[in-house]
Amino acid sequence: MYQIKLFNKISAVGTSRLDPAKYACGEDLDNYDAILVRSAKLHDTAFPKACRCIARAGAGVNNIPLDRCAEEGIVVFNTPGANSNAVKELVICGLLLASRKVVQGAQWVQSLAGSPDIGPAAEKGKAAYAGPELMGKTLGVIGLGAIGWKVANAAEALGMNVLGYDPYLSDASRAALSPNVTVTTLDDVFAQADYITVHVPLLDSTRSLICADSLAKMKDGVRIVNFARGELVDTPAMADALASGKAAAYVCDFASDEILAQPNAVVLPHLGASTPESEDNCAIMACDEVSDFLENGNIVNSVNFPAVSLGQRGGSPRVLVLAKAGTDIAALLQKQGVSVSAKSEGSRGNYCAFLADVDQVLPSLDGDGILSVRTL
Ligand code: MLT
């Protein structure tokens, strides 16, 4: 029986796919084989030896210690694309909120509640809440992954000129991107965009992507939307830009006192993926990744190990070896007299994975660089 620890509430649409004859899911497990998590921070969590994988029901994985997990032979999955429509829709809303002062206008009308002649009073004050249309303006989309390309295409359909930037543009994103979206340099995006939206993961290299220096390269009155991660934007620099008018608006999904103090900012409580559809999609994808990994050893959508897959397990034993990149796993198996009938292997960054159907159960594998060995 596999034990799956839930660190957050995971939609039952997903967990119900885990056969109760084979899986026990719960919040109070100590010795578990896998973790399902949404936003709980796992950096200080000590994982039991039995823990083989973590599936994040969502895209961002900055709540998970990826390198420590890799060193402990724990495969981390995310669910790319599963919530991308939800985020895309809210980003389009964010672009409108960055333009039309909807939130500020609504708050003001609310403040008039109970006053005499509220209708004419509201009409009289509306000029303070006017804002420009999106059509014909230039939007810069930084990051053209599963969410970014959808935002770019939707904005283009609204009549915006769209510039995109992504140094790691995948073939799938390139193919999905509207031909009217121009892929260009980051500096070009900064210089030309009236609106900028960010869709990159939070990494050391992307932290404070929007900072005093990058803001200085932007147009005066630029409007910035951030539904990715708060730390992609240097908050004091953004607050200064809003106060000076360098930025006309900032709409984000991450609360901070400095930004809340700016009247031209709109702050939401991380609602990007908060739709029932996306919670279900993420839970389904995360649960399928976990069961396919535990039962078949297949690695699909991992963020710290390469993809390997041999489909469903047949009659012969199957071994999954996780190791440091460069480890000659095939040679180690051969040395141990193991014969391989089918294999799938790959490398990603500092780590590699080797999945093989073999002729014998393998309790361990001796050799430098081996992180974990599992025979299914
Ligand atoms: C994501 O990373 O998938 C989104 O920010 C939503 C979330 O964190 O749940």
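Please refer to the structure higher up on the page.
Read on for an overview of the structure. (Residues numbered from 1 in each chain as written. Predicted model: local features only at pLDDT ≥ 70, side-chain atom pairs only at ≥ 80, totals over all residues. Heavy atoms only, no water.)

## A closer look at the overall build of the protein chain
On a plain count of helices and strands, the protein chain comes out with 13 helices and 16 strands. Principal-axis analysis of the C-alpha atoms gives the protein chain an extent of 85 × 45 × 35 Å. The buried share of the protein chain, reckoned over its 376 residues, is 50%. Carbon and sulfur atoms form 52% of the exposed surface of the protein chain, whose accessible area is close to 17,200 Å². Taking the average location of the 31 positive side-chain charges in the protein chain and that of its 41 negative ones, the two points are 2 Å from each other. (Helix = DSSP H or I, 4+ residues; strand = E, 2+ residues; numbered from the N terminus. Buried < 20%, exposed > 50% of the residue type's maximum accessible area, 1.4 Å probe, protein only. Areas by Shrake-Rupley, 256 points an atom, 1.4 Å probe, with all protein chains shown as cover. Lys, Arg positive; Asp, Glu negative; His and termini not counted. Charge placed at Lys NZ, Arg CZ, Asp CG, Glu CD.)

## A closer look at the environment of N8
Following the sequence through the fold, N8 ends up in the loop between β1 (2-6) and α1 (12-15). Since its relative accessible area comes to 18%, N8 is described here as buried. Along the backbone, N8 and G26 are 18 residues apart, and their C-alpha atoms lie at a distance of 9.9 Å. Residues in contact with N8, not counting those within four places in the same chain, are L36, V37, R38, S39 and A40. (Contact = heavy atoms within 4.5 Å.)

## Topic: empty space enclosed by the protein
One pass over the structure, following the stated rule, counts one cavity of 30 Å³ or more. Its boundaries defined by the atoms lining it, the largest cavity holds a volume of some 60 Å³. Lining the largest cavity are 14 residues, with L97, A98, K101, Q104 and A249 sitting closest to its centre. Elements with a contribution of two residues or more to the lining of the largest cavity: α3 (84-100), β11 (247-252) and β12 (265-267). Across the lining of the largest cavity, the residue classes tally to eight nonpolar, three polar and three charged. (1 Å grid on protein atoms, 1.4 Å probe; cavity = no way out; pocket = protein on both sides within 12 Å on 5 of 7 lines; lining within 4 Å. Points joined across faces, edges and corners; volume = space filled by probe spheres on them. Nonpolar A, V, L, I, M, F, W, Y, C, P; charged D, E, K, R; others polar.)

## Focus on the sheet that holds strand β16 (residues 370-375)
The sheet built from four strands is open, its strands ordered β14-β15-β13-β16 with antiparallel pairing. In the strand order of this sheet, the two ends are held by β14 (340-348) and β16, each with one partner. Going across the sheet, the axis of each strand differs from the next one's by a mean of 10°, ignoring polarity. As paired strands, strand β13 (residues 318-324) and β16 are joined by five bridges and run antiparallel to one another. Across the sheet, the residue bridging to L322 is S372, located in β16. (Pairing = 2+ DSSP bridges. Axes fitted to C-alpha atoms, helices over the stretch in contact; angles between N-to-C directions.)

## Thoughts on the pairing of β11
Summarising burial for β11: five of the six residues are buried, a large majority. This β-α-β element, strand β10 (residues 222-226) to helix α10 (residues 235-244) to β11, shows right-handed connectivity. With three bridges joining them, β11 and β12 adopt parallel strand pairing. Note on β12: the bridge partner recorded for C252 is V267. (Right-handed = clockwise from strand over helix to strand, strands pointing away.)

## Comments concerning the site of the ligand
Within the structure, the ligand sits among R56, G58, A59, G60, N83, R229, H270 and A273. Contact between the ligand and R56: an oxygen atom at 2.6 Å from a side-chain N or O atom of the residue. N83 places a side-chain nitrogen or oxygen 2.7 Å from an oxygen atom of the ligand. Starting from 250 Å² of accessible surface for the ligand in isolation, the protein chains cover 86%. Its residues placed into classes, the shell around the ligand shows two nonpolar, four polar and two charged. (Near = heavy atom within 4 Å. Polar contact = N/O pair within 3.5 Å; in protein donor to acceptor, adjacent residues only side chain to side chain.)

Keep in mind these numbers describe shape, not what the thing actually does.
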